[in-house]
Amino acid sequence: MSRRLACFLFALIAVAACGDDDGSANVDSGLVDSRLMDAPASDCDYTEQSDLSNDTSSTGGVTETTGLTFSSRTVVCGTVDHTHFDGDITIDGDSYTLTVAAETDVIIRMVAPGAASLELVGVDINGSGGSLAGTLTYYGNHGVVSARLPAGTFELLMLSLGGESITSSVPYRIEVVADMPDTRCPEVTVGGFMEANDSGNNTGNDVYAYPSGNPVAFTGSTTDAPEPTNIVLAPGVDIRFYGTAADIMDADKFEDTDTYEIATGAGTNELGLRLTWPTAGANLDWFLYEQNTTSPIAGGTSTATTGVDMRLTAVKPNTTYWLAVSAVTGTAVPATYNATLCGAQYTP
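Residues numbered from 1 in each chain as written. Predicted model: local features only at pLDDT ≥ 70, side-chain atom pairs only at ≥ 80, totals over all residues. Heavy atoms only, no water.

A.B. asks: Sorry if this is basic, but what is going on with the sheet that holds strand β17 (residues 254-264) here?
C.D. replies: By way of backbone hydrogen bonds, the strands of a sheet pair with one another, either parallel or antiparallel. One open sheet accounts for five strands, arranged β15-β17-β22-β19-β20; its pairing is mixed. This sheet does not close on itself; its edge strands, each paired only once, are β15 (227-233) and β20 (298-300). The sheet shows a mean angle of 25° between the axes of neighbouring strands, taken without regard to direction. Pairing analysis gives five bridges linking β15 to β17, with the strands arranged parallel. Bridge pairing in β17 links E227 to Y260. (Pairing = 2+ DSSP bridges. Helix = DSSP H or I, 4+ residues; strand = E, 2+ residues; numbered from the N terminus. Axes fitted to C-alpha atoms, helices over the stretch in contact; angles between N-to-C directions.)

Here it is as structure tokens:
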């Protein structure tokens with residue numbers, strides 16, 4: 001399996017962004033709904049032309065040269081073809097060029113009616129030398145990721161993965177639009193929910209264990225539980241939770257893990273998260289799970305040892321999630337952190 005394909009499979013933890021609350025952990029329905037976003041008409045700036053040869057996840061695949069240079073919005077259209085299964089894991093792969101003239105923040109969305117029935121489908125955004133600039137996984141009724149792209153030419157690589165061929169082709173649409181993350185989702189620094197149930201040994205809200213060389217698992221503690229934030233995210237609502245990643249005795253891949261229970265409201269199908277930590281030398285990661293599951297639907301990992309991690313991911317309405325914040329073992333702890341959650345609604 002290529003490095004690119006392996007990175008896409010790990011899209012579950014590579015997916016930015018988010019803030020104001022009156023001090024309550026409950027949604028204030030009176031806030032202005034500033035993030036109700038309707039998808040524009042399905043006008044394609046480029047439509048797939050070389051489906052027999054554009055799968056760069058396989059040997060000999062050649063990226064389609066679209067001639068597109070991004071300004072404020074670019075749309076590429078194609079099809080997950082039902083005749084391209086490779087007999088192993090790839091149902092179809094399609095690759096397209098996109099040139100960015102100057103460094104810019106973007107949101108990339110994929111809409112593909114029928115894709116929810118596929119085992120795994122999404123888009124990698126690859127920079128020069130095969131560097132991964134961002135990746136989205138289709139979840140619910142679309143896929144989304146935000147990224148900051150430097151000037152250069154990028155590859156948009158659509159991959160659909162599964163154990164067998166599909167019975168009919170699925171059309172898709174990849175839309176790239178300009179983003180303003182600091183105004184779309186500014187940090188909330190007051191109010192919200194404060195970590196309260198980590199217990200004396202700093203393990204009361206861990207919930208997840210990350211043993212080296214093994215998959216994610218629940219901890220063995222019968223009293224471990226996520227923090228009951230009572231946060232229900234509605235479109236246009238920004239809300240905060242905050243806590244401290246502690247130095248614990250029995251570290252695995254991470255030192256302390258703090259887990260929070262949150263929920264989405266009826267119209268919320270996108271979640272932005274902005275995680276900040278001021279402690280020099282600290283490195284914090286986060287993972288989002290549907291409640292009572294151990295496979296993350298999204299996450300943020302980085303090598304940064306101070307600063308901000310901003311992500312944007314698709315979620316399902318009326319769904320409960322567990323969000324785990326963890327300090328990487330060997331980095332500076334204790335470390336305080338501030339997390340801003342932002343609910344949004346996108347209509348494909």
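Having seen it, we continue.
A.B. asks: Explain unusual backbone geometry here, please?
C.D. replies: Phi is mostly negative for residues that are not glycine, and the peptide bonds are mostly trans. Residue V333 is joined to P334 through a cis peptide bond whose omega torsion reads 0°. Note on placement: P334 falls in the loop between β22 (320-328) and β23 (335-347). Phi at S199 takes a positive value of approximately 65°, unusual for a residue other than glycine. Considering the arrangement of structural elements, one finds S199 in the loop between β12 (193-194) and β13 (208-209). For N318, which is not glycine, the phi dihedral falls at a positive 55°.

A.B. asks: Sorry, what's going on with the confidence of the model for the chain here?
C.D. replies: It should be kept in mind that the predicted coordinates are not to be read in detail where pLDDT is low. Summary statistics for the chain give a mean pLDDT of 87 and a share of 87% for residues scoring 70 or more. The low-confidence segment residues 1-41 (pLDDT under 50) makes 143 contacts with residues lying over four places distant or belonging to another chain. (pLDDT = per-residue confidence, 0-100. Contact = heavy atoms within 4.5 Å.)

A.B. asks: Help me out: how do you make sense of the packing of aromatic side chains in this one?
C.D. replies: The geometry of two aromatic rings is summed up by the distance between their centres and the angle between their planes. Scanning all chains against the criterion turns up ten aromatic pairs. When the ring of Y208 is compared with that of W322, the centres are 6.4 Å apart and the planes differ by 65°; the resulting orientation is edge-to-face. Highlighted residues: Y208 in strand β13 and W322 in strand β22, separated in sequence by 114 residues. Both residues of the pair, Y208 and W322, belong to the buried class. Taken together, the aromatic side chains of Y208, F218, Y289 and W322 make up a single cluster linked through ring pairs. The ring of Y242 is capped by R240, whose NZ or CZ atom sits 3.8 Å from the centre of that ring. (Phe/Tyr/Trp six-rings, centres within 6.5 Å; stacked < 30°, edge-to-face > 60°. Buried < 20%, exposed > 50% of the residue type's maximum accessible area, 1.4 Å probe, protein only. Lys NZ or Arg CZ within 6 Å of the ring centre and 35° of its normal.)

A.B. asks: In this structure, what is going on with the pattern of salt bridges? I would like to understand it.
C.D. replies: A full pass over the atoms with the stated rule returns nine salt bridges. We note a salt bridge from R73 to E175, for which the minimum N-O separation is 3.1 Å. Separated by 102 residues along the polypeptide, R73 in strand β4 (residues 73-80) and E175 in strand β11 (residues 170-178) bring together distant segments of the chain. Each of D43, R73, R173 and E175 takes part in salt bridges that share partners, so that together they form one network. (Salt bridge = Lys/Arg side-chain N within 4 Å of Asp/Glu carboxyl O.)

A.B. asks: How do you make sense of the sheet that holds strand β10 (residues 152-161) when you look at a structure like this?
C.D. replies: Read across the open sheet, the five strands follow the order β3-β5-β10-β7-β8; overall the sheet is mixed. Each edge of the sheet is formed by a strand with only one pairing partner; in this case those strands are β3 (69-70) and β8 (132-137). Here ten bridges tie strand β5 (residues 90-100) to β10, and the two strands are oriented antiparallel to one another. Bridge pairing in β10 places D92 opposite S160.

A.B. asks: Looking at this model, I keep getting lost on empty space enclosed by the protein. Mind explaining?
C.D. replies: Here the idea is plain: a probe the size of a water molecule rolls over the atoms and shows the empty space left. Volume-wise, the second largest cavity comes out at about 30 Å³. Together, L233, I262, A263, T264, L271, V315 and Y321 line the second largest cavity. The leading source of residues in the lining of the second largest cavity is β17, at three residues. For the lining of the second largest cavity, the per-class residue count stands at six nonpolar, one polar and no charged. (1 Å grid on protein atoms, 1.4 Å probe; cavity = no way out; pocket = protein on both sides within 12 Å on 5 of 7 lines; lining within 4 Å. Points joined across faces, edges and corners; volume = space filled by probe spheres on them. Nonpolar A, V, L, I, M, F, W, Y, C, P; charged D, E, K, R; others polar.)

A.B. asks: Explain the pairing of strand β7 (residues 120-126) to me, please; I cannot follow it from the model alone.
C.D. replies: One face of the sheet, then the other: side chains in a regular strand alternate in exactly this way. In terms of residue burial, β7 counts as a mostly covered element, since seven of its seven residues are buried. Side chains of β7 alternate between two faces, with L120, G122, D124 and N126 and V121, V123 and I125 buried alike. Relative to β10, β7 runs antiparallel, the two being bridged by seven bridges. Within the sheet, the bridge partner assigned to N126 lies in β10 and is E155. In this sheet, β8 lies alongside β7 in antiparallel orientation, the contact comprising five bridges. Of the residues in β8, the one forming a bridge with N126 is L132.

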